[in-house]
Amino acid sequence: MKQWRLDCSRQTLVLASLEERLPQVIYWGDPLPMDEDLATLQAAHGIDVTGGMLDENPDLSICPEAARTFPGQAGLSLRSATGALILPLFRFESVDANDAELSLRYRDADNGLNYIARFAVDAKSHIITAQAFLEADSPVHLNWLSAPVFPASQHSAEMIDFAGRWCGEFLPNKTPWSAGIRMRESRTGRTGHEHFPGLIVPNTGTSNTKGAAQAFHYGWSGGHKMIAEELPDGRRQIQFGNASETELSAGTTFQSAPLYATYSNEGINGCAIAFQRHVRDEIVSFPDTKRPRPVHYNCWEAIYFDHDLDALKDIANRAADLGAERFVLDDGWFGMRDDDTSSLGDWAIDPRKYPDGLGPLIDHIHNRDMTFGIWFEPEMVNPDSDIYRAHPDWALGASDQILGRQQMVLNMALPEVREYLYDHIAAVLSAYPVDYIKWDHNRVLPTPDAAQTRGTYALLERLRNDFPSVEIESCASGGGRIDFGILKQTHRVWLSDSNDALERLRMQHEAALFLPSVVTGSHVGPRKCHTSSRELDISIRAWVAAQRHMGFEMDPRELTEHETSVLKEVTQWWKDNRNWMADADILRLDSPDPAVIAEQQLATDGTRFVLFAGKAATSAQIQPRPLRLACLEPNAQYEINLLNKADAPALSRGAPILKDQKITLSGSYLMSHGITLPWTFPDTMWVIEGRKC
């Protein structure tokens, strides 16, 4: 028998094996005493055998093996170069371990295969990273390789995963556990709006703020598969890997992407905080960590393809007056790009729109104390483009494929494609002082191919190495490519193409389970949203954007004097608070009113917080229900201030004390009873500041 353990202050992970076989995770939960007898724990983990069963329970190992009569989904599926099915049987070969890392190596000599599993625990973020590797003595065809398999809690009644669509990302699905399989697979060649690669397994009774939960995220941008399976004997397994059959060529080395996992006994928020901190501190590497996150202005919804230098200068002036610090020139500056039917791939500045190049616009932007960003969609090509006419063989898929947004996909696995794109992007970055790229991806692949994703990663890595001061945003028709894999190569994600504040309020709330505010772009959209046609007041539009990395995307020429005043005020508030909010934990609150979506952003030292309480619908009851806060010190006193008192409507006729003055309350009261807010209409938001006395 062999046992290994990894520990941090919030969890212990124990693996154990019998007879040189692949190990099982025999414990994952609250920290165990360091002197726990792991051999006894391994024995206690065993389950009985009864009628209708094999004489021994097959291992639910980190890579379940079909050859060992495993009754569920195997963790590995492959064939020989001639197509013959391979059924591996791995035996222990070596281990390399320390307090924070564990690497296990297994060998199947008969089939000429090595399996390596690596685990690492981050003591600060409390994230466990697990990754699987396969080596073959001769080429094999890989169908499926799961990252190391974790058991799902048998104290859970349901699992939570995420669906979505364009302008409707991060839609949670709650599915009861039952015998059999729940499988999610993204076969679009990118992460996808439809299947965000995350899973939460809460124990029965767990809420945002209390109870135990397991959570997973698969860090890969090329499409993935998730299997959540309950075996006939009741055991449960979680598998994540690249989408099946996306390794199109035989090979001798394969690997899963990293699987990020965490356990919390402090509610689902405990898992969310772990992911937020790990992304912010370990995944994303900002060019200048001391630089405050700048307020963005993106011109897309103001001008679309109608680029006029004088109009852009006017817009830039107005954006700067509102408080913008970075101006992003979106689609339409290159080739003959007057609409979405042509010129993708022709990354040369359009001399009709910019006869003197981009210099005059950039100089004007710099004179208004803003930096300059620019839009690219490198992986895409229009059939109506010079580069496609010259190299139709560079396009992925058949020539008669269904187009998406009038475009095809370049084959990023080809070195010559990457070289062409690097040369043209680097030419722009070298010629002009660009400090930001909005990197878009507006259609799915004609067929999923893991080599495509590796090619994109390689291009991004090369550009970042050669232009280290340039930040990059991942956009894919909004949130179509959001995962920790793309965030290793970029610095920000565009959560959705919807700037509808009500839709954003919900999406940001759900995405906070995995993403910190500092990487989540959120912009103030136009009065009448271009994707929903809903009209919303400037106050909720501004405050929803201020929950994350703030920016503007409306036409500032349409703003009224009142809208301008509100937007300036909220923007200045965000600037005054952005430094501590960049490192804050986003705590999703358990609202007793389904109409209210609320979160608390708590400073890392616990001395201050801001509460956002968005009313997204009409409440069933007349008066607001008290809103409980989280993670405060029970015996500490907190000064509470309703920041936007002036937003109280005339129909709020009473005299709640928060409408008139600051109050001081204990953490115990705030967490057990909660804050009672004034009455307000739907489509509004209260903002409350708290400071520890």
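Please refer to the structure placed before this passage.
On a predicted model such as this, the values are computed, not experimentally measured, just so you know.

A. Main features of the layout of surface pockets. Empty space within the largest pocket amounts to approximately 860 Å³. Contributions of two or more residues to the lining of the largest pocket are made by β2 (11-17), β3 (24-29), α1 (38-45) and β15 (213-218). It is β3 that contributes the most residues to the lining of the largest pocket, six residues altogether. When grouped by side-chain class, the residues that make up the lining of the largest pocket number 19 nonpolar, twelve polar and seven charged. Considered as a void within the structure, the second largest pocket measures approximately 530 Å³ in volume. Taken together, 27 residues line the second largest pocket, and the ones lying closest to its centre are Lys174, Asn208, His509, Arg588 and Asp590. A breakdown of the residues in the lining of the second largest pocket according to their chemical character gives 13 nonpolar, eight polar and six charged.

B. Up close: the pairing of strand β4 (residues 76-80). As judged from the five bridges shared by β4 and strand β9 (residues 128-145), these two strands associate in the antiparallel manner. Note on β9: the bridge partner recorded for Leu78 is Leu142. Two elements, β4 and strand β5 (residues 85-86), share two bridges in a ladder whose sense is antiparallel. Along β5, the bridge assignment pairs Arg79 with Leu85. Between β4 and β5, which follow one another and run antiparallel, lie four residues, and Gly83 among them has a positive phi close to 100°.

C. Highlighting the sheet that holds strand β29 (residues 549-552). Overall, parallel pairing links the eight strands, which are arranged β20-β21-β22-β25-β26-β27-β28-β29 in a closed barrel. In this sheet, neighbouring strand axes are inclined to one another by 30° on average, regardless of whether the strands run parallel or antiparallel. In the sheet, strand β21 (residues 326-329) pairs with strand β22 (residues 371-376) via four bridges, with the strands oriented parallel. Paired with Phe327 across the strands is Phe372, a residue of β22.

D. Local environment of the packing of helix α11 (residues 538-546) against helix α12 (residues 561-582). Interhelical geometry of α11 versus α12 gives an angle of 15° and a closest axis separation of 10 Å. In terms of axis orientation, α11 runs roughly parallel to α12. You can see that α11 and α12 cross each other, and the crossing is right-handed. Between α11 and α12, the contacting residues are Ile538, Ser539, Arg541, Ala542, Trp543 and Ala546 on the first element and His562, Glu563, Val566, Leu567, Val570, Trp573, Trp574 and Met581 on the second. Looking at the contact of α11 with α12 residue by residue, the class counts come to ten nonpolar, two polar and two charged.

The rules behind the values
Residues numbered from 1 in each chain as written. Predicted model: local features only at pLDDT ≥ 70, side-chain atom pairs only at ≥ 80, totals over all residues. Heavy atoms only, no water. 1 Å grid on protein atoms, 1.4 Å probe; cavity = no way out; pocket = protein on both sides within 12 Å on 5 of 7 lines; lining within 4 Å. Points joined across faces, edges and corners; volume = space filled by probe spheres on them. Helix = DSSP H or I, 4+ residues; strand = E, 2+ residues; numbered from the N terminus. Nonpolar A, V, L, I, M, F, W, Y, C, P; charged D, E, K, R; others polar. Pairing = 2+ DSSP bridges. Axes fitted to C-alpha atoms, helices over the stretch in contact; angles between N-to-C directions. Parallel < 35°, antiparallel > 145°, perpendicular 65-115°, else oblique. Left-handed = near helix turned anticlockwise from the far one by under 90°. Contact = heavy atoms within 4.5 Å.

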